[in-house]
Structures are given as structure tokens and as C-alpha cells.
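# Structure at a glance
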Amino acid sequence: MFSSCVLKAGDAAIQRGSALFQRKKFDEARTYFEAALNEETTFPKDSIYILISNCYSQQGDYDNAIDWRKKALELSPEDESNYLNLAFLYRLKKDDATAESLFKKAAELKPEDPASYASLASLYITGGNMEDALSMLLTANELDENIPIVHADLAVVYARLGQFLKAEEELEIAEELKADNIALFRQEVESLRESSVDSN
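Scope of this entry: the structure provided in the associated data block. The structure displayed is predicted, hence computed values, not measured ones.

## Here we look at the pattern of salt bridges
- Applying the stated rule across the entire model yields 13 salt bridges.
- In this structure, the salt-bridge partner of Asp96 is Arg91, at a minimum N-O distance of 3.3 Å.
- Sharing partners across several salt bridges, the network here consists of Glu168, Glu175, Arg186, Glu190 and Arg193.

Set out below in C-alpha cells:
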């Protein structure tokens, strides 16, 4: 009975590592997470790999972050969140082609999750591909119409396509949903509207 209350060595290492991670001491945190891999623990190995990956990504070391995330993916190849997070790391490395294929894989594994479509839309907006961005945003919105960033991105996409009434409607919804940095989205829409008026 008493032994069940004793913390496993690996779990203790993860607790210490997590506390250090919260204090932004990523090298020290990673040391504890790596130690946990060699100890008895209730944490699955892929979860520990993700903790290590997160330490590296917080330090801007995206190559190592990707390597550890791939190890997690090998153990959980059907976990769409691994594909999503791996895609975000590739975006940080400015490798949008790889990110796109990973976002698509995440969408294939969990088609009911709007995150993959919203992420693809963001990638397409960055690349100037407004038609595909619009398609992905509308899909994400069909799945969940209460995601603030989807409406903010829709506003920008509609504005870039010259559909300013729809852009304004989406801005209002984004504002109601308390989208982050709404002022920046409004500024971009207004700037596009002014450019449109100037060119006519």
C-alpha cells in the first residue's frame, strides 16, 4: 500500500524538469527529462520526447526540436497533434513545403479538427495564395465558428480579394470573439481598402 505512494524516479525527474521549464531554465530542464528516459516512470516515452523537443524549440534550436518530435511521432504515428507541432517547427525554419504536407497529414488523421485547416490557411496567406487560404478558413469555420483567429484571417483574406463588406463582417465577429491583436488585422484591412480606392 505504502509503495504505491512513492514517486517513481522518472516521474520525480519530470516534475523537477517541468518546474525548471516553467522558470525558463531549458538546459537544466532537458537534463532531467533525458534522465527520466532511463528511469522507471508512468510517463509514455513519446511524451518525454515532446518535453525535450519543447526545450529545444524554446531556445530556437529547431533542428533538435524536430529530431525529438520525430522520435515521438515514430511511437505515435496516428497522433495528429504531433504532425501539427512538427509542422509549426518547420514553419519556424521557413520550410513551408514540409509544413504544408504535415498540416495536410494532420487534417487527414483528424478531419473534424479545425486547427489543421486554420494552420494551412495561415501558411497560404503568408505565401499569397488567397483562394486556397479562403477555402481552408471556410472549412475551419464550418467545423467551429467560434475561433477568433479564423475570423480575423478571413477578414484579411476577403480584403485582399477586394471583398470589403465581408471583410468588415468578419472583423466584427473576430472582435466579438476577442481575437488577439485585432487592431493589427483592422489596420491591414483599412490599408488594403485605401490601396483599392487609390488604384481606382
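After that view, the rundown keeps rolling.
## Thoughts on the packing of aromatic side chains
- Counted by the stated rule, this structure contains 3 aromatic pairs.
- Aromatic pair Phe21 and Phe26: ring centres 5.1 Å apart, planes at 70 degrees, arrangement edge-to-face.
- Phe26 gets classed as buried once you look at its relative accessible area, which sits at 10%.
- Look at Phe88 and Phe103: their rings are 5.3 Å apart centre to centre, the planes differ by 70 degrees, and that puts the pair in the edge-to-face class. Placement of Phe88 in helix α5 (residues 80-92) and of Phe103 in helix α6 (residues 96-109) is noted, with a sequence separation of 15 residues between them.
- Judged by relative accessible area, which is 37%, Phe88 ranks as partly exposed.

## Re the environment of Leu7
- Structurally, Leu7 can be placed in the segment before α1 (9-22).
- We classify Leu7 as partly exposed; its relative accessible area is 43%.
- Residues Leu7 and Glu40, 33 residues apart in the sequence, show an inter-C-alpha distance of 9.8 Å.
- Excluding its chain neighbours within four sequence positions, the residues that come into contact with Leu7 are Ala12 and Gln15.

## Details of helix α8 (residues 130-143)
- An ideal rise of 1.5 Å per residue puts 20 Å on 14 residues; α8 measures up with 20 Å between its terminal C-alpha atoms.
- Within the sequence span of α8, burial applies to Met130, Ala133, Leu134, Met136, Leu137, Ala140 and Asn141. End-on, the buried residues of α8 take up no more than an arc of 170 degrees, which puts them together on one face. Turned more than 90 degrees off the buried face of α8, the exposed positions are Glu131 and Glu142.

## Section: the side chain of Glu80
- Along the chain, Glu80 falls in helix α5.
- A residue is classified by how much of its surface remains accessible, and Glu80, at 13% relative accessible area, is buried.

## Looking at α1
- Counted at 1.5 Å a residue, the expected span for α1 with its 14 residues is 20 Å, and the 20 Å between its end C-alpha atoms agrees.
- Of the residues making up α1, those classed as buried are Gly10, Asp11, Ala12, Ala13, Ile14, Gly17 and Leu20.
- Where α1 is buried, its residues meet α2 (26-36) and α3 (45-58).
- A positive phi of about 65 degrees marks Lys24, the residue just after α1.

Reading guide: rules and limits
Residues numbered from 1 in each chain as written. Predicted model: local features only at pLDDT ≥ 70, side-chain atom pairs only at ≥ 80, totals over all residues. Heavy atoms only, no water. Salt bridge = Lys/Arg side-chain N within 4 Å of Asp/Glu carboxyl O. Phe/Tyr/Trp six-rings, centres within 6.5 Å; stacked < 30°, edge-to-face > 60°. Buried < 20%, exposed > 50% of the residue type's maximum accessible area, 1.4 Å probe, protein only. Helix = DSSP H or I, 4+ residues; strand = E, 2+ residues; numbered from the N terminus. Contact = heavy atoms within 4.5 Å. Expected span 1.5 Å × (residues − 1). Arc of directions from axis to C-beta.

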